Amino acid sequence: MRKLFPAPPFAPPLRLSLLVLAILADGEAHGYSIMKSIEDLTRGSWRPTPGSLYPLLVSLENEGLIECRIVGEPGVRKRRVCKLTDYGMRYFLNIVERGLNNLVPIFSKVIKSYYKVVKECPSLNDVERKEKINSLVRTLDRMLSDIHREIKNSNFETLRLKS
């Protein structure tokens, strides 16, 4: 039997600019911390290079989506710290809302296909099948629980429409 190599990291259909805006939605950040956040989010499978990130930050600033300033003490390396502008926040909301409409059917298809392949893969036994499905369900539950907890702990829960 051939040795299976890990698949290349899943590259979500998000542009680096959207991911940068999402990170800046959490607050101010400098380039290195943005790279580190992306590396942490992808569990080490991807980290943008400075050559792709820093020109992007300049471009986002030129577009008015972010605002950057130089900070640092005398004698200490200065950093360029960036934050979302009001225009950047509204742009981010618009892109995410449109993107979710496109991502949900894609994500749903991937999950359904994963389930189908787990059921039909001849080299998996029933124990492995059960563990893969349970692992998938746990991951989806954890993702939804994290989102629910974030909303519940925010001041915005009162804005949700009551059915």
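Look a little higher up for the structure.
The text that follows walks through the structure, step by step, so that each part is easy to find. (Residues numbered from 1 in each chain as written. Predicted model: local features only at pLDDT ≥ 70, side-chain atom pairs only at ≥ 80, totals over all residues. Heavy atoms only, no water.)

**Looking at the overall build of the protein chain**
Working step 1: Regarding its fold elements, the protein chain presents five helices and three strands.
Working step 2: In the protein chain, the order of α-helices and β-strands from amino to carboxyl end is α-β-α-α-β-β-α-α.
Working step 3: Expressed as a percentage of its 163 residues, the buried residues of the protein chain come to 21%.
Working step 4: Within the protein chain, contacts between residues at least 6 apart in sequence are counted, and of these 39% link residues at least 24 apart. (Helix = DSSP H or I, 4+ residues; strand = E, 2+ residues; numbered from the N terminus. Buried < 20%, exposed > 50% of the residue type's maximum accessible area, 1.4 Å probe, protein only. Contact = heavy atoms within 4.5 Å.)

**As for the pairing of strand β3 (residues 79–84)**
Working step 1: Bridge analysis of strand β1 (residues 29–30) against β3 gives two bridges, and the strand direction is antiparallel. Bridge assignment links histidine 30 to a residue of β3, and that residue is valine 81.
Working step 2: Where strand β2 (residues 66–71) and β3 come together, six bridges link them in antiparallel fashion. Bridging across to β3, valine 71 finds its partner in arginine 79. (Pairing = 2+ DSSP bridges.)

**Some words on the nonpolar core**
Working step 1: The biggest cluster of nonpolar side chains holds 22 residues, and the ones touching the most others in it are Val20, Leu21, Leu24, Ile34, Leu60 and Ile66.
Working step 2: For this core, the secondary-structure elements that each account for two or more residues are α1 (16–24), α2 (31–41), α3 (50–62), β2, β3 and α4 (86–120).
Working step 3: Residue contributions to this core peak at seven residues, all from α1.
Working step 4: The residues touching leucine 60, leaving out its near neighbours within four places in the chain, are Ser17, Val20, Leu21, Leu65 and Ile66. (Core = buried A, V, L, I, M, F, W, Y, C linked by side-chain atoms within 4.5 Å.)

**Focus: α2**
Working step 1: Gly31, Ile34, Met35 and Ile38 are the residues of α2 that are buried. All buried residues of α2 project into a common sector of 100° when viewed along the axis, lining one side.
Working step 2: The inward-facing, buried residues of α2 abut α1, β1, α3 and β3.
Working step 3: Residue arginine 43 follows α2 closely and has a positive phi angle near 55°. (Arc of directions from axis to C-beta.)

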